[in-house]
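Residue-level structure breakdown
Chain by chain, the residues run as shown.
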Amino acid sequence: MSYRAILMSALGAGAGAGALAPTAAPTTSRYRVDQTVEQVVDASAMGGGEQRQRFTVSTFLTLTLADTAGGKTVHAVVDSMRGDSTTPVPPAVLDSARGVALHGFVMSGGRLADVKPLTPTALEPQLTGVVRQLFPPVRPGAKVGDGWADTTESSSPGGGGTMSVRRVTTYKATGSETRAGVKALRIETEFTASVNGTQETPSGTATVQGTGTGKESFYLGPDGRYLGGTSSQTSKLTISGAFAPKPLPVSLTEVFTVSALR
């Protein structure tokens, strides 16, 4: 779930790719991505108390990669998207994601350069975030024992605002094991992040700023294909705007669990 989705939920309540080896034919994979979000909003400045919310959204999608000049094209199709009973997004909105196609491009070094839906959708921030989760930046040719660092900056426009995230990550290739029937490289990371931007919400224009820390563990096949993993991030944010006399503190924890499906 993106920062934008969390912000919309909070105020409406009243307030990372492996290096891909060239292939002659397109490759297709299916994934399940579970996103669990837990947030605490201190709405005292708006005359409210502490607001707590926890929910999970599961997305199933089919991903096809095809060789092209300078890298690979990415074509993802959402098979389904559903939430648990506490998810603030209405089931009908999640159902509307079925069949949505997204296109992107993976550079020869393995980094996902761009991804976006082919047709407009209110769920664009969530869906692009799911696809990006399948492409953590990885040093080409990484092997057990290697370590490196990487800095990424991303901007997510839409919904009347733009959210920018800068993340500094340290990587370590810690071992290997069999995943999805192949020998996979296990990579573990730790990262810090900063976020800032604006967003239109039911309570008016909001400015968001804050920092986060987290860790991730994931697996890559011999061809660089993502074979599943988990990541968690805890963020301390402030939301400010005309709707409150002073910034609202928000504590946010996000957990991604990705499973490669056969």
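These figures come from a predicted structure and were not determined experimentally.

1. Regarding the pattern of salt bridges
- Counted according to the given criterion, the structure contains 12 salt bridges.
- The salt bridge involving Asp-150 is made with Arg-111; its shortest N-O contact spans 2.9 Å. Of this pair, Asp-150 sits in strand β6 (residues 147–158) while Arg-111 sits in the loop between β4 (101–107) and β5 (112–117), placing them 39 residues apart in sequence.
- On the basis of relative accessible area, Asp-150 is assigned to the buried category, the value being 15%.
- One network of salt bridges, in which partners are shared, links Glu-177, Arg-179, Arg-186 and Glu-188.

2. Quick look at the confidence of the model for the protein
- Summarising the model, the protein shows a mean pLDDT of 87, and 89% of its residues fall at 70 or more.
- For the protein, per-element mean pLDDT is lowest for helix α1 (residues 3–12), which scores 48, and highest for strand β3 (residues 71–83), which scores 96.
- Segment residues 6–23: pLDDT under 50, and 75 contacts once partners within four positions in sequence are set aside and those in other chains are kept.

3. Some details on the packing of aromatic side chains
- The tally for this structure, following the rule as stated, stands at three aromatic pairs.
- Their ring planes at 5 degrees and their centres at 5.1 Å tell us that Trp-148 and Tyr-171 sit as a pair that is stacked. Taken together, the residues Trp-148 in strand β6 and Tyr-171 in strand β7 (residues 161–179) connect sequence positions 23 residues apart. Across this residue pair, the class does not change: Trp-148 and Tyr-171 are buried.
- Aromatic side chains Phe-218 and Tyr-226 sit 6.0 Å apart centroid to centroid with 20 degrees between the ring planes, which places their arrangement in the stacked category. Across this residue pair, the class does not change: Phe-218 and Tyr-226 are buried.
- Through a chain of ring-to-ring contacts, three or more aromatic side chains come together here, namely Tyr-31, Phe-218 and Tyr-226.
- The ring of Phe-191 carries the charged tip of Arg-167 above its face, separated from the ring centre by 3.9 Å.

4. Brief notes about the environment of Leu-61
- Structurally, Leu-61 is set in strand β2 (residues 50–68).
- Beyond its immediate chain neighbours, meaning those up to four positions away, Leu-61 contacts Ser-29, Arg-30, Tyr-31, Val-33, Ala-76, Val-77, Val-78, Asp-79, Val-130, Val-131 and Leu-134.

5. Thoughts on unusual backbone geometry
- Backbone geometry at Ala-180 places phi at a positive 55 degrees, although glycine is not the residue there.
- Looking at the element boundaries, Ala-180 is found in the loop between β7 and β8 (182–201).
- On the basis of relative accessible area, Ala-180 is assigned to the partly exposed category, the value being 35%.

6. Overview of the side chain of Thr-62
- If you trace the backbone, Thr-62 turns up in strand β2.
- A distance of 3.0 Å separates the side chain of Thr-62 from the side chain of Asp-79, its partner in a polar contact.

7. Brief notes about the environment of Glu-50
- Take Glu-50: it is sitting in strand β2.
- Remark: the alpha-carbon pair of Glu-50 and Val-250, spanning 200 residues in sequence, is separated by 9.7 Å.
- Separated by 3.1 Å, the side chains of Glu-50 and Arg-52 make a polar contact.

8. Some words on the pairing of β8
- One ladder, built from 17 bridges, connects β7 with β8; its direction is antiparallel. In the strand pairing of β8, Glu-177 is matched with Ala-184.
- The antiparallel pairing of β7 with β8 creates a hairpin that spans two residues between the two strands, and Ala-180 there sits at a positive phi of about 55 degrees.
- Pairing of β8 with strand β9 (residues 204–220) involves 17 bridges; the strand directions are antiparallel. Residue pairing across strands places Ala-193 opposite Gly-212, the latter belonging to β9.
- The hairpin formed by β8 and β9 contains two residues between the paired strands.

Each value, and the rule that gives it
- Residues numbered from 1 in each chain as written.
- Predicted model: local features only at pLDDT ≥ 70, side-chain atom pairs only at ≥ 80, totals over all residues.
- Heavy atoms only, no water.
- Salt bridge = Lys/Arg side-chain N within 4 Å of Asp/Glu carboxyl O.
- Helix = DSSP H or I, 4+ residues; strand = E, 2+ residues; numbered from the N terminus.
- Buried < 20%, exposed > 50% of the residue type's maximum accessible area, 1.4 Å probe, protein only.
- pLDDT = per-residue confidence, 0-100.
- Contact = heavy atoms within 4.5 Å.
- Phe/Tyr/Trp six-rings, centres within 6.5 Å; stacked < 30°, edge-to-face > 60°.
- Lys NZ or Arg CZ within 6 Å of the ring centre and 35° of its normal.
- Polar contact = N/O pair within 3.5 Å; in protein donor to acceptor, adjacent residues only side chain to side chain.
- Pairing = 2+ DSSP bridges.

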